[in-house]
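The residues making up each chain are set out below.
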Amino acid sequence: MTYEDKAKLILKDAIKSAIYIDEKARGFYQDQASLLNSVEENLSVQLYDNFKREGISLDVHKYAPNDEKEMAKLSFFTDNRDLVILDWKLKGESGEEEALSILAEIVKAEHLHFCAIYTSEGQLDTVFQNILSYFSSITKEYHEQIKELLEIENYDQTIIDILRQINLNRFQKDLRKEKVKELCAKDNTVINRLKEITGIDDAVCAIILSSLSLMSTIKSVTDQPKPSYINLDKKIIVINNTIITILNKTENTPDNLLENYKNHIVNDVDSFNQLIGLELYNNLSKTSAIMNDEFVSFSKNALLHHRKKLQDENIGYFFNSFMNEVFLEKLALSLRDKEYNLLEESFLNKLYEDNYQEPSTEELVRMNIFYNSSELDKKGKGLNFGDVFQIEGEENKYLICITPLCDCLRPQDKIKSNFYFAEGVVMKKEKALELGDTAFISYLPKDIVVRWGEINNDNEKAKYNPLYIKPWQFKVFERENKIDENSKINVHYLNKDKEIKTKSLVYITTIRSNYAQRIANHAFTYPMRVGIDFVRK
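This one's a predicted model, so the numbers in the text were calculated from it and none came from an experiment.

Undergrad: What exactly am I supposed to notice about the packing of helix H7 (residues 157–168) against helix H10 (residues 203–214) here?
TA: For any two helices packed against each other, one specifies the inter-axial angle together with the distance between the axes. At a minimum axis separation of 8 Å, H7 and H10 run at an interaxial angle of 115 degrees. In terms of axis orientation, H7 runs roughly perpendicular to H10. In this structure, H7 meets H10 at a crossing whose hand is left-handed. Contact residues: H7 offers Ile 160, Leu 163, Arg 164, Ile 166 and Asn 167, while H10 offers Ile 207, Ile 208, Ser 211, Leu 212 and Leu 214. Class assignment of the residues belonging to the contact of H7 with H10 gives a composition of seven nonpolar, two polar and one charged.

Here it is as structure tokens:
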């Protein structure tokens, strides 16, 4: 089976529920007399029939003004959906801003990976550029401030065109570099001036922001996530793992829309990893790890009895955490022996022979980030085993919580709110990859690598490092044991003069339990070390 065959099989399993949103769509129960006999009404029926043949449930929603402001409607658009087909102009000849507002909710839904902007717009580039400017991580107000400063510079159209080409081809490295050189040749002062205006040190990022600000496109009044991948030629944008394609209604009829969309995903996006993730999701949805005979063999009274016993011991808050751990372990065990189409041995061997290219340092670091950590929503949550924090005000210094999980869940009773941490500092990526699993290393978001314990970054002969990881103890008062809205938490300690001092920690990520346990095991052997000495020649 080819990659395309495997990929389409995964997509077929993954897309089971879809919705089509258009102001001229035909509602299922719309009165015959109210029909306008529009193209979109006929399109609604044809899409429904075609999706039904493919085994996909399709809802058709006739957009009404302010739908994008009603939470119930937005939930209807996104809840339990796998694919959203969204009209670009939701108010006849306008409505683009309303479509973008709905798109913002779509990319916010973590389970929703596919969206097609379905439009009669002749210039698909216009749609593409509006999406880029709306999802720029910068607010409309800030864009306007940047634009005012840029207009004072009065750059000629040639420079503005080069900035736009760099912006729209930001992920095409060779073309981007070529255009940056062209910009420098035209005026070598532009890049430094853009850095000053935007306040951004990275040249490419400053160019992208400047270009977006100069565009006469729609900007969001609130912060929106920026794309992780764009392809101008194929009109594909990936935001928050939602793959957005822009499809023209005249070229993508109801009969071929779904097939064309799948072809986009398979052939025009480097979607191999996303497809593996989708296959995991497919396997998870098919497993019966939770709802099996074991689960239904005990009564709700037994569950209530266990909860009451914990409450009697003043640890009732532990019950939900305990149940979550049980559910997680059940799911992990149910997936342990599952097979994946894209990880099949002969297929990977063939892929290696035909397409393998030596990965860059950055690619390997990002793979290790995926292997060892996950960014969790920790706001309002307490400290837990494996949580990694940056020490505010101490550049490149990090702490990892190595307090046992059971103690983290019941800190007041078991450890009197005294948590253990290991301290780490940033190290060179190349050295980390060379050491591999012989050292105690964690890969964090934004391509940061941290070593735990004492090791000399410049010691090229180092193989097994560090010799020791010293555990540090900090007090976290019960009332403060919650990570706040700014992802911060305060910890306290006694200095050498027995004075209470405070460190502010910023949550970064959480290390997988087996990776964190290896660090903890090594750290807790530190107090058992024994010093000896021999005479040397």
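Undergrad: Before we go on, may I ask you to explain the pattern of salt bridges in this structure?
TA: A complete count under the given rule lists 20 salt bridges for this structure. In this structure, Lys 91 and Glu 98 form a salt bridge, with 3.1 Å as the shortest nitrogen-oxygen distance. You can call Glu 98 buried: its relative accessible area is 16%. Via salt bridges that share partners, Glu 4, Lys 8 and Glu 259 belong to a single interconnected network.

Undergrad: Explanation requested: the sheet that holds strand S2 (residues 57–62) in the structure shown.
TA: Working definition: the strands of a sheet are paired by backbone hydrogen bonds and lie parallel or antiparallel to each other. With mixed pairing, seven strands are arranged side by side in an open sheet as S2-S1-S3-S4-S7-S6-S5. The open sheet has two free edges, formed respectively by S2 and strand S5 (229–231), since each of these has just one partner strand. Strand-to-strand twist across the sheet, computed as the mean angle between neighbouring axes with direction ignored, equals 15 degrees. Sheet strands in contact with helix H11 (residues 257–268) are strand S3 (83–87), strand S4 (114–119), S5, strand S6 (236–239) and strand S7 (242–248), and its direction is about 130 degrees off that of S7.

Undergrad: Sorry if this is basic, but what is going on with the side chain of Lys 378 here?
TA: Secondary-structure assignment places Lys 378 in the loop between strand S8 (373–374) and strand S9 (387–391). Look at Lys 378 and you get buried, because its relative accessible area is 9%. Within the structure, Lys 378 has its side chain in polar contact with the side chain of Asp 387 (distance 2.9 Å). Those residues in contact with Lys 378 that lie beyond four places of it in its chain are Asn 384, Asp 387, Ile 483 and Tyr 507.

Undergrad: What is the right way to read the packing of helix H14 (residues 300–312) against helix H15 (residues 318–335) from this model?
TA: Running from N to C, H14 and H15 cross one another at 130 degrees; their axes reach a closest spacing of 9 Å. Classed by the angle they form, the pair H14 and H15 counts as oblique. Taking contact as the criterion, the partners of Leu 303, His 306, Arg 307 and Leu 310 in H14 are, on H15, Phe 318, Phe 319, Phe 322 and Met 323. Of the residues in the contact of H14 with H15, the class split is six nonpolar, one polar and one charged.

Undergrad: Any chance you could explain unusual backbone geometry here in plain terms?
TA: Generally, phi is negative for residues other than glycine and the peptide bonds are trans, each holding for most cases. Positioned with a positive phi, Asn 66 is a non-glycine residue whose angle comes to about 75 degrees. Position of Asn 66 among the secondary structure elements: in the loop between S2 and helix H3 (71–78). One non-glycine residue with positive phi stands out, namely Asp 447, at about 60 degrees. For Asp 447, the location among the structural elements is in the loop between strand S12 (441–444) and strand S13 (448–452). Using a relative accessible area of 16% as the deciding quantity, one classes Asp 447 as buried.

Undergrad: Any chance you could explain helix H5 (residues 124–134) here in plain terms?
TA: The α-helix winds at 3.6 residues per turn, so residues separated by three or four positions along the chain end up facing the same way. Most of H5 sits inside the fold, with nine of its eleven residues counted as buried. When H5 is considered as a whole, its buried residues turn out to be Leu 124, Val 127, Phe 128, Gln 129, Asn 130, Ile 131, Leu 132, Ser 133 and Tyr 134.

Undergrad: Looking at this structure, how should I read the pairing of S7?
TA: On a regular strand, each side chain points to the face opposite its neighbour's, so the side chains alternate between the two faces of the sheet. Buried residues dominate S7, accounting for seven of its seven residues. Of the two faces of S7, the one lined by Thr 242, Ile 244, Ile 246 and Asn 248 and the one lined by Ile 243, Thr 245 and Leu 247 are each fully buried. In terms of strand pairing, S4 meets S7 through six bridges, oriented parallel. Each bridged residue has a counterpart across the sheet, and for Tyr 118 the counterpart in S7 is Leu 247. Linking S6 to S7, which pair antiparallel, is a turn of two residues; within it Asn 240 sits at a positive phi near 50 degrees.

The rules behind these values
- Residues numbered from 1 in each chain as written.
- Predicted model: local features only at pLDDT ≥ 70, side-chain atom pairs only at ≥ 80, totals over all residues.
- Heavy atoms only, no water.
- Axes fitted to C-alpha atoms, helices over the stretch in contact; angles between N-to-C directions.
- Helix = DSSP H or I, 4+ residues; strand = E, 2+ residues; numbered from the N terminus.
- Parallel < 35°, antiparallel > 145°, perpendicular 65-115°, else oblique.
- Left-handed = near helix turned anticlockwise from the far one by under 90°.
- Contact = heavy atoms within 4.5 Å.
- Nonpolar A, V, L, I, M, F, W, Y, C, P; charged D, E, K, R; others polar.
- Salt bridge = Lys/Arg side-chain N within 4 Å of Asp/Glu carboxyl O.
- Buried < 20%, exposed > 50% of the residue type's maximum accessible area, 1.4 Å probe, protein only.
- Pairing = 2+ DSSP bridges.
- Polar contact = N/O pair within 3.5 Å; in protein donor to acceptor, adjacent residues only side chain to side chain.

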